[in-house]
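Summary of the model geometry
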Amino acid sequence: MATRPLRLLDRPVPEPGPAELLIRVLRCGVCRTDLHLAEGDLLPRRPDVVPGHEVVGEVVRAGRCATRFTAGDRVGVAWLAGADGSCRYCRRGSENLCPASVYTGWDTDGGYAEYLVAADAFVHQLPAGFSDAELAPLLCAGIIGYRALRLSLLPPGGRLGIWGFGGSAHLAAQVAMASGAAVHVFTRAPAARELALELGAASAQDSFDASPQPLDSAIIFAPVGAVVPPALRALDRGGTLAIAGIHLSDIPSLSYSDELFGERSVRSVTANTRGDAQEFLRVAERLRLRVTVTSYPLEAADQALADLAGDLITGAAVLTTG
Ligand SMILES: [Zn+2]
Ligand SMILES: [Zn+2]
């Protein structure tokens, strides 16, 4: 981020295709994936793409085949922007694994902008009871955290460990605690540890500290492969570790007896389906999740990403447009 890789440009307002919506951006969340893209950990799929995939906006105009929303509707645009709907993964309900899937702010222009177009079928209805700024982080951080939580197979009333405590983790932790789980948080950022305890975490410690209890499930949100062995060691027999990020630095070699034996599992989490999104947004509304937000003007997107890289943001960063 030291080279300030983002550029502020003037572009014409995009035209929606027949099955697309033109959306005026109100808020756009800043996700770690945007940082990976800006820093080159994730290779760009298009030159000069506009990043941003946690978009809260207002429908300006619908294409002639776009029937789900009308002008004036407040809607959300998330990471998954399209899938072919016909491959073997899509047919079994895993559109997140579709080889032809496309992503907002990676394949298509995203929400670090005043306007964007999005496929009607992949746009989300938003839950009530949240401000625009609070809604933005729900749209990726929230959804991915929810999928990661589901894939970590946390039993009811179980013990969950969370490594890294930013936008995604602070939402997933609340969903877990609402189901009666004891949540243990591991992060190097003191402000994040404080937020975790304030939200009701059973404990909060540094990333490489030992877990106070053997864990049924663990989720790694930090993009740090070095925490995989300690997270696996913290798992009880039969426990599952889910790795939530799209990018992870290399994992050190594992000891089979200390880190895997006892039927411990490790799995990745790859994007999300529209079903995950709908389910999570309903859960967020029902539990009235507390969303902690730090706001930046659109022009300060570079600063927001730099602060995210430096672990300086408590909760989630959100850009304010216009
Ligand atoms: Zn497919
Ligand atoms: Zn994201």
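A brief report on the enclosed structure follows. (Residues numbered from 1 in each chain as written. Chains lettered and ligands numbered in written order. Predicted model: local features only at pLDDT ≥ 70, side-chain atom pairs only at ≥ 80, totals over all residues. Heavy atoms only, no water.)

So, about the nonpolar core. The nonpolar side chains of a soluble globular protein tend to be buried, and buried together. With 51 residues, the main nonpolar core has Leu138, Leu160, Ile162, Phe165, Val183 and Phe280 as its most contacted residues. Within the second largest apolar cluster, 29 residues are counted, among which are Ile23, Val59, Leu305 and Leu319. (Core = buried A, V, L, I, M, F, W, Y, C linked by side-chain atoms within 4.5 Å. Buried < 20%, exposed > 50% of the residue type's maximum accessible area, 1.4 Å probe, protein only.)

Those residues of helix α5 (residues 190-199) not exposed but buried are Ala192, Leu195, Ala196 and Leu199. For α5, the arc enclosing every buried residue in end-on projection is 100°, short of the 170-degree limit, so these residues lie on one face. The exposed residues of α5 that point more than 90 degrees off its buried face are Pro190, Glu194 and Glu198. (Helix = DSSP H or I, 4+ residues; strand = E, 2+ residues; numbered from the N terminus. Arc of directions from axis to C-beta.)

Looking now at the pairing of strand β3 (residues 74-77). Judged from the four bridges that link them, strand β2 (residues 55-62) and β3 form a sheet pairing that is antiparallel. Counted as the bridge partner of glutamate 58 is arginine 74 from β3. The pairing of β3 with strand β7 (residues 123-125) spans three bridges and is antiparallel. Looking at β7, one finds that valine 75 is bridged to glutamine 125. (Pairing = 2+ DSSP bridges.)

Glancing now at the environment of threonine 292. Secondary-structure assignment places threonine 292 in the loop between α8 (274-287) and β14 (293-297). Aside from chain neighbours lying at most four places away, what touches threonine 292 is His170, Leu195, Thr314, Gly315 and Ala316. (Contact = heavy atoms within 4.5 Å.)

Let us look at the coordination of the zinc ion (ligand 2). Every protein donor of the zinc ion (ligand 2) is listed here as Cys31 (SG), His53 (NE2) and Cys140 (SG), and their distances to the metal cover 2.0 to 2.2 Å. Sequence spacing of the donors to the zinc ion (ligand 2): C-x21-H-x86-C. Separated by 109 residues along the polypeptide, cysteine 31 in the loop between β1 (20-30) and α1 (32-39) and cysteine 140 in helix α3 (residues 132-151) bring together distant segments of the chain. Across the pair, cysteine 140 and cysteine 31 agree in class, each one buried. (Donors = N, O, S within 2.8 Å, 3.2 Å for Na, K, Ca; no water.)

Along any regular strand, the residues point their side chains to alternate faces of the sheet. Strand β8 (residues 159-163) sits mainly inside the fold: four of its five residues count as buried. Pairing between β8 and strand β11 (residues 215-220): four bridges, direction parallel. Residue glycine 161 lies in a different strand from β11, and its bridge partner there is alanine 218.

Now for unusual backbone geometry. For arginine 4, which is not glycine, the phi torsion reads 50° and is therefore positive. If you trace the backbone, arginine 4 turns up in the segment before β1. Since its relative accessible area comes to 41%, arginine 4 is described here as partly exposed. Of note, aspartate 48 is a non-glycine position whose phi angle comes to about 55°, a positive value. Looking at aspartate 48, the relative accessible area reads 44%, which means it is partly exposed.

All right, on to the side chain of asparagine 272 then. Looking at where asparagine 272 falls in the secondary structure, it is placed in the loop between β13 (265-268) and α8. Residue class for asparagine 272 comes out buried when judged on its relative accessible area of 2%. Those residues within four positions of asparagine 272 in sequence are excluded, and the remaining contacts are Leu80, Asn96, Ile143, Ile144, Arg147 and Ala277.

So, about the packing of α1 against helix α9 (residues 301-309). Two numbers describe a pair of packed helices, the interaxial angle and the distance between the axes. With their axes 10 Å apart at the nearest point, α1 and α9 run at an angle of 100° to one another. Comparing their axes, α9 and α1 come out roughly perpendicular. Between α1 and α9, the contacting residues are Arg32, Asp34, Leu35 and Ala38 on the first element and Leu305, Leu308 and Ala309 on the second. (Axes fitted to C-alpha atoms, helices over the stretch in contact; angles between N-to-C directions. Parallel < 35°, antiparallel > 145°, perpendicular 65-115°, else oblique.)

What follows is about the coordination of the zinc ion (ligand 1). The zinc ion (ligand 1) binds to the protein through Asp84 (OD), Cys87 (SG), Cys90 (SG) and Cys98 (SG); the donor distances cover 2.1 to 2.3 Å. For the zinc ion (ligand 1), the four donor atoms are set out with angles of 99 to 117° between them, so the coordination reads as tetrahedral. Linear spacing of the donor residues for the zinc ion (ligand 1) on their chain is D-x2-C-x2-C-x7-C. With aspartate 84 in the loop between β4 (80-82) and α2 (88-91) and cysteine 98 in the loop between α2 and β5 (102-103), this residue pair connects regions lying 14 residues apart in the sequence. Under the relative-accessibility criterion, aspartate 84 is labelled partly exposed at 37%. Judged by its relative accessible area of 4%, cysteine 98 falls in the buried class. (Tetrahedral: all angles 85-135°; square planar, octahedral: opposite > 155°, others 65-115°.)

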